[in-house]
Amino acid sequence: MSTDPTATPVPAEVKATVDSADTTLHNPRRAVIALGSNLGNRLETLQGAVDALEDTPGVRVKVVSAVFETDGVGGPEGQPAYLNAVLLLKTTLPPQSLLERANAIEDAFGRVRTVRWGSRTLDVDIVAYEGVEQDVPELTLPHPRAHERGFVLAPWLDADPEASLPGHGPVAALLAAVGVEGVRRREDVELHLPR
């Protein structure tokens, strides 16, 4: 048997130890991402966010919802209308790393954080992350207000008719309770999965 480590197979127990120590090597998780934009070229910005997420190592965009146009909620009066969409991902990134990437994408598209719930070039929110429920200052999962936001629920239901929000129930029932006032599906525009 050769003593050259490049020619000797790695024992299975060593592979198992390495794999168990680094969870990014296996077991991708499902994540739900909400996108929104109400400044600049909204559609181009949303497509740019889809492409940037797909270009992220450890992230694969699996489903892109239809685009919905919605009135601003909870922010200053007179905001321009938003374009919103939801993405379904598979990712090996832990939630905190996915949040860091989402924030970096927002920054790359000129997001300025001065007014809470104010107008923005881009909003990238993690709505849910498979198997994770947490409430820490940086990130609460699932998103604490997703169950009451038609602009999240309508595109999410479009992307996954069987979706369920942990702790709240089926997305279809949540949307029925919230209603779709101010949420309009845009049949004339669409986002594309990256090729």
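Everything discussed here concerns the structure shown above.
Throughout what follows, the structure given in this document is the object of discussion. Computed from a predicted model, the values in this text were never measured in an experiment.

1. Section: the side chain of S37
Mapping S37 onto the fold places it in strand β1 (residues 29–37). With a relative accessible area of 0%, S37 lands in the buried category. Looking at S37, its side chain comes within polar contact range of the main-chain oxygen of T121, at 2.6 Å. Setting aside residues no more than four positions away along its own chain, S37 makes contact with R42, T45, L46, A81, Y82, L83, R120 and T121.

2. Overview of the side chain of H143
If you trace the backbone, H143 turns up in the loop between β7 (140–141) and α4 (150–159). Within the structure, the side chain of H143 is placed 3.1 Å from the backbone nitrogen of R145, a separation counted as a polar contact. For H143, the contacting residues outside a window of four places in its chain are D125, I126, V127 and R149.

3. Considerations on the nonpolar core
In this structure, I33, L35, L87, L89 and L98 are the most contacted members of the largest nonpolar core, which totals 30 residues. When residues of this core are assigned to their parent elements, the largest contribution, five residues, is made by helix α2 (residues 42–54). Excluding residues within four positions of it along the chain, L35 makes contact with L46, A49, V50, L83, N84, A85, L87, D123 and V124. In terms of nonpolar packing, the next biggest core, distinct from the first, is built from 21 residues, A66, L88, A128 and A154 among them.

4. Details of α2
Along its 13 residues, α2 runs 19 Å from first to last C-alpha, staying within 8% of the 18 Å computed at 1.5 Å per residue. Within α2, 10 of the 13 residues are buried, which leaves it mostly tucked inside the rest of the structure. Listed in full, the buried residues belonging to α2 are R42, T45, L46, Q47, G48, A49, V50, A52, L53 and E54. Looking at the buried residues of α2, the elements they touch are β1, β2 (59–64), β3 (68–70), β4 (82–91) and α3 (95–108).

5. Structural notes on the pairing of β4
Taking burial as the measure, the 10 residues of β4 include nine buried ones, the bulk of the element. Bridge count between β2 and β4: five bridges; the pairing is antiparallel. Bridged to V63 within β4 is L88. In this sheet, β4 lies alongside β3 in antiparallel orientation, the contact comprising three bridges. Residue pairing across strands places T70 opposite Y82, the latter belonging to β4.

Quick notes on the rules
- Residues numbered from 1 in each chain as written.
- Predicted model: local features only at pLDDT ≥ 70, side-chain atom pairs only at ≥ 80, totals over all residues.
- Heavy atoms only, no water.
- Helix = DSSP H or I, 4+ residues; strand = E, 2+ residues; numbered from the N terminus.
- Buried < 20%, exposed > 50% of the residue type's maximum accessible area, 1.4 Å probe, protein only.
- Polar contact = N/O pair within 3.5 Å; in protein donor to acceptor, adjacent residues only side chain to side chain.
- Contact = heavy atoms within 4.5 Å.
- Core = buried A, V, L, I, M, F, W, Y, C linked by side-chain atoms within 4.5 Å.
- Expected span 1.5 Å × (residues − 1).
- Pairing = 2+ DSSP bridges.

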